[in-house]
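So you can see what is in the structure, the chains are spelled out below.
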Amino acid sequence: MPSRPNILLLLSDQQRADALGAVNDAIQTPHLDRLAREGTLFNRAFAPTPVCLPCRASLLSGRYPSTHGAAHNGAGLPEDYPQLLSSALADRGYYTHMIGKSHLTPCHDPLSKESSPFIHNRAYFRNWHGPWYGFEHADIAIGHSTEKHACGMHYGAWLEDRGVDTSRYFGHTAYEEFGAWDLPEEFHNSAWTAETTINGIRRAADSDQPFFIWANFQDPHNPCMVPEPWASMYDPKRIPQHGFKPGEPECFADKPAFYREILDQPGPYACKPSDRGMRGAGNVCHLDWTQEQIQENAACYYGMVSLMDKQIGRILAELDRTGAADNTLVVFASDHGDLLGDHGLWWKSLVCYDESIRVPMIARFPGQIPAGRRSGAFQSLVDLFPTFCNFAGAAAPGEVEGVDQRAVWQGTAEQARADVIIEERPYNSDFNERIIVTDRFKLAYYAGRPWGELYDVQADPHHIRNLWDAPEHRGTRDALVRRILDHEMNKHRPRQSPTAF
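Structure report, in brief. The structure presented is a predicted model; accordingly, all values stated were derived computationally and were not measured. (Residues numbered from 1 in each chain as written. Predicted model: local features only at pLDDT ≥ 70, side-chain atom pairs only at ≥ 80, totals over all residues. Heavy atoms only, no water.)

1. So, the pattern of salt bridges
Consideration 1: Taken as a whole and assessed by the stated rule, the structure comprises 30 salt bridges.
Consideration 2: Members of the salt-bridge network, linked through shared partners, are Asp-13, Arg-56, Lys-101 and Asp-335. (Salt bridge = Lys/Arg side-chain N within 4 Å of Asp/Glu carboxyl O.)

Written as structure tokens, this is what we have:
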């Protein structure tokens with residue numbers, strides 16, 4: 001293997017693990033399916049936290065949110081945070097380039113570089129292209145689809161340079177809205193991300209350096225607004241049905257109170273749980289929609305994924321055209337999932353359902369990663385830092401908490417971790433959640449609370465029966481809680497998993 005392969009990380013935003021043609025015949029993602037055929041698809045990949053900013057900070061730092069401190073979207077990772085993935089690869093001689101959604105600082109804090117009004121200073125962004133969080137070059141954006149702040153930063157300058165009146169297309173829809181967007185497809189943020197990524201690949205070739213490019217797509221995050229023909233590409237009646245599962249919501253009586261309170265207080269950010277540690281329900285809510293509305297929203301979400309897939313195809317074609325594909329490690333993943341109305345819930349955060357915490361993940365490297373393989377090995381996005389460093393011949397800092405997955409990716413080891421841990425702390429309060437997933441069980445532990453959740457994920461994939469108080473599972477519950485305590489007490493050390501339960 002060449003000592004310094006190119007590394008291309010393609011990250012979508014809020015994409016469920018099942019929103020991929022390789023695992024779901026109802027959705028069309030031919031270019032991602034090609035990646036899966038030519039590489040390995042990991043069907044048990046998880047976010048270290050199911051929220052945008054802390055997850056992205058964990059990926060870049062190789063540390064869990066409780067270590068780097070940016071535990072929620074209102075926090076931020078310091079730009080001079082030591083020992084980032086971008087810096088480790090730059091020190092190895094890589095051209096480093098961040099593209100697309102950054103979201104490493106709060107986007108609703110006027111003092112943040114990623115917030116209004118600064119993000120709409122297009123003269124600034126035409127002239128500034130980094131450095132940014134250890135990346136030599138940056139072309140970044142923030143926000144999603146039709147949101148007002150989605151037309152800022154480098155994407156906004158790109159739109160304006162092409163004569164697009166952003167006031168016509170942005171800032172006119174609600175956070176939960178879905179449907180057809182009249183923005184021409186060639187001006188969509190996915191098209192900009194693809195074009196900018198292609199330019200980055202060419203820039204690296206001109207410098208005769210291997211590249212680490214992190215291309216961040218802003219879709220399929222809500223509002224689920226997408227141009228035609230993608231908005232009407234899917235028949236809402238012919239995609240999987242979303243909503244309550246058999247036994248729901250009756251089973252919520254055995255779950256923490258906030259589940260029931262979210263259902264009882266519908267609306268975006270409307271729930272005010274009785275738990276004093278929660279100022280709100282985080283980024284999860286209940287929308288009082290009909291089944292028809294649920295399906296129509298999901299159909300638009302599918303269309304957003306398919307449009308993004310088309311643009312990913314342009315990037316892969318550029319690798320083929322330049323002959324770089326054979327020496328490029330390509331990884332596709334998402335920062336977290338989307339509930340899409342399943343279990344009566346929308347968006348992400350807080351709850352421990354797979355729809356929120358599990359993500360799609362594919363790794364392709366011709367001759368190094370087996371083609372056409374599907375792996376059940378546990379993966380966490382926090383593992384990308386040490387794994388990329390290993391492929392690049394760079395030393396990962398000892399403080400990195402992820403697990404090196406290279407042997408698993410190359411098929412010479414069955415697994416590098418026997419479980420995954422997901423952290424969630426939606427506010428700076430005493431509400432603090434940890435989720436652990438093993439081959440058989442999933443446990444959610446809430447600091448300082450007498451209640452929790454425990455599910456047999458093999459027998460009960462929809463998490464209908466909470467086994468937390470079941471006497472016959474008390475030993476399992478206690479052992480998993482101890483594992484979480486091990487996770488908390490071994491900060492700043494590589495995370496090595498014990499034998500799974």
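2. Points about the environment of Glu-296
Consideration 1: By the secondary structure assignment, Glu-296 is in helix H10 (residues 291-322).
Consideration 2: On the accessibility criterion, Glu-296 (28% relative accessible area) is partly exposed.
Consideration 3: Glu-296 sits 147 residues away from Leu-443 along the chain, and the two C-alpha atoms are 33 Å apart.
Consideration 4: Apart from residues lying up to four places away in sequence, Glu-296 is in contact with Phe-178 and Pro-236. (Helix = DSSP H or I, 4+ residues; strand = E, 2+ residues; numbered from the N terminus. Buried < 20%, exposed > 50% of the residue type's maximum accessible area, 1.4 Å probe, protein only. Contact = heavy atoms within 4.5 Å.)

3. Quick word on the pairing of strand E8 (residues 224-227)
Working note: regular strand, side chains alternate between the two faces of the sheet.
Consideration 1: Here E8 shows no split at all, with Cys-224 and Val-226 on one side and Met-225 and Pro-227 on the other all buried.
Consideration 2: As defined by bridge partners, strand E6 (residues 178-181) adjoins E8 across 4 bridges and the pair is classed as parallel. Counterpart to Ala-180 in the pairing with E8 is Val-226. (Pairing = 2+ DSSP bridges.)

4. Some details on the packing of aromatic side chains
Consideration 1: By the definition in use, this model includes 34 aromatic pairs.
Consideration 2: One aromatic cluster is present, formed by Phe-42, Phe-135, Phe-212, Trp-214, Phe-365, Phe-388, Phe-391 and Trp-409 through successive ring pairs.
Consideration 3: Sitting above the plane of the Phe-378 ring, Arg-44 keeps its charged end 3.9 Å from the centroid.
Consideration 4: In this arrangement the basic side chain of Arg-406 is found over the ring face of Phe-391, its NZ or CZ atom lying 4.8 Å from the centre. (Phe/Tyr/Trp six-rings, centres within 6.5 Å; stacked < 30°, edge-to-face > 60°. Lys NZ or Arg CZ within 6 Å of the ring centre and 35° of its normal.)

5. Looking at the nonpolar core
Consideration 1: Phe-212, Trp-214, Leu-329, Leu-384, Phe-388 and Trp-409 are the most contacted members of the largest nonpolar core, which has 55 residues in total.
Consideration 2: The greatest single-element share of this core, amounting to 6 residues, is contributed by helix H12 (residues 384-392).
Consideration 3: Leave out the neighbours within four places in its chain, and Trp-214 touches Leu-9, Leu-11, Arg-56, Leu-59, Leu-60, His-97, Met-98, Ile-99 and Phe-135.
Consideration 4: Among the nonpolar cores identified, the runner-up in size contains 45 residues, and Ile-198, Phe-211, Ala-298 and Ala-324 belong to it. (Core = buried A, V, L, I, M, F, W, Y, C linked by side-chain atoms within 4.5 Å.)

6. Structural notes on the environment of Leu-104
Consideration 1: Mapped onto the elements of the fold, Leu-104 is located in the loop between strand E4 (95-101) and helix H5 (122-127).
Consideration 2: The class for Leu-104 is buried, based on a relative accessible area of 0%.
Consideration 3: C-alpha of Leu-104 to C-alpha of Pro-249: the two residues are 145 residues apart in sequence and 36 Å apart in space.
Consideration 4: Sequence-distant contacts of Leu-104, that is, excluding residues within four places in its chain, are made with Leu-53, Arg-56, Ala-57, Leu-60, Gly-76, Leu-77, Met-98, Glu-114, Trp-132 and Tyr-133.

Note that all results are geometric; they support no functional claim without further evidence.
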